[in-house]
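Descriptive structure summary
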Amino acid sequence: MTRDNPKLTLANGVDMPALGLGVYRSSPEETVQAVATALTEGYRLIDTAAAYGNERQVGEALRQSEVDRDDV
């Protein structure tokens, strides 16, 4: 993937990245590295939910990255 992640414009005018990383079945042990790598490679959409049980690891990867939280 290039760092120029294409965007889609939603009906309400908000732009959303066309590509993202889903962490549905990502174990807590794998999540920090997976999210960190995705952010480094230009991903700005992380599909997560409380039910996945890895929110803390997603947050940790974001904190460790140089990506502004507002950009994700």
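Calculation criteria
- Residues numbered from 1 in each chain as written.
- Predicted model: local features only at pLDDT ≥ 70, side-chain atom pairs only at ≥ 80, totals over all residues.
- Heavy atoms only, no water.
- Helix = DSSP H or I, 4+ residues; strand = E, 2+ residues; numbered from the N terminus.
- Rg over C-alpha atoms; globule rule 2.2 N^0.38 Å.
- Buried < 20%, exposed > 50% of the residue type's maximum accessible area, 1.4 Å probe, protein only.
- Contact = heavy atoms within 4.5 Å.
- Areas by Shrake-Rupley, 256 points an atom, 1.4 Å probe, with all protein chains shown as cover.
- Lys, Arg positive; Asp, Glu negative; His and termini not counted.
- Charge placed at Lys NZ, Arg CZ, Asp CG, Glu CD.
- pLDDT = per-residue confidence, 0-100.
- Phe/Tyr/Trp six-rings, centres within 6.5 Å; stacked < 30°, edge-to-face > 60°.
- 1 Å grid on protein atoms, 1.4 Å probe; cavity = no way out; pocket = protein on both sides within 12 Å on 5 of 7 lines; lining within 4 Å.
- Points joined across faces, edges and corners; volume = space filled by probe spheres on them.
- Nonpolar A, V, L, I, M, F, W, Y, C, P; charged D, E, K, R; others polar.

Attention shifts here to the overall build of the protein chain. Scanning the protein chain for helices and strands turns up two helices and four strands. When the helices and strands of the protein chain are listed from N to C terminus, the series reads β-β-β-α-β-α. Rg of the C-alpha trace for the protein chain: 12 Å, near the compact-globule value of 11 Å for 72 residues, within the 12% margin. Over its C-alpha atoms, taken along the principal directions, the protein chain stretches across nearly 35 × 25 × 20 Å. Going through the 72 residues of the protein chain one by one, you find that 24% of them count as buried. Of the contacts made within the protein chain by residues no fewer than 6 positions apart, 52% connect residues no fewer than 24 positions apart. Of the roughly 5100 Å² of accessible surface on the protein chain, 48% is carried by carbon and sulfur atoms. Charged side chains in the protein chain number 7 positive and 12 negative. The centres of these two groups are separated by 3 Å.

Mean pLDDT over the protein chain: 92, with 96% of residues reaching 70 or higher. Element-level pLDDT for the protein chain is lowest in strand 2 (residues 15-17), with a mean of 93, against a maximum mean of 97 in strand 3 (residues 21-22).

A complete count under the given rule lists one aromatic pair for this structure. Relative to Tyr 52, the ring of Tyr 24 has its centre 5.2 Å away and its plane inclined at 65°; by these criteria the two rings are edge-to-face. One end of the pair, Tyr 24, is in the loop between strand 3 and helix 1 (28-40); the other, Tyr 52, is in the loop between strand 4 (46-47) and helix 2 (55-64), and 28 residues separate them in sequence.

Approximately 160 Å³ is the volume found for the largest pocket. Lining the largest pocket are Val 35, Leu 39, Ile 46, Val 58, Gly 59, Leu 62, Arg 69 and Val 72. A total of three residues in the lining of the largest pocket trace back to one element, the largest contributor, which is helix 2. In terms of residue class, the lining of the largest pocket is made up of six nonpolar, one polar and one charged.

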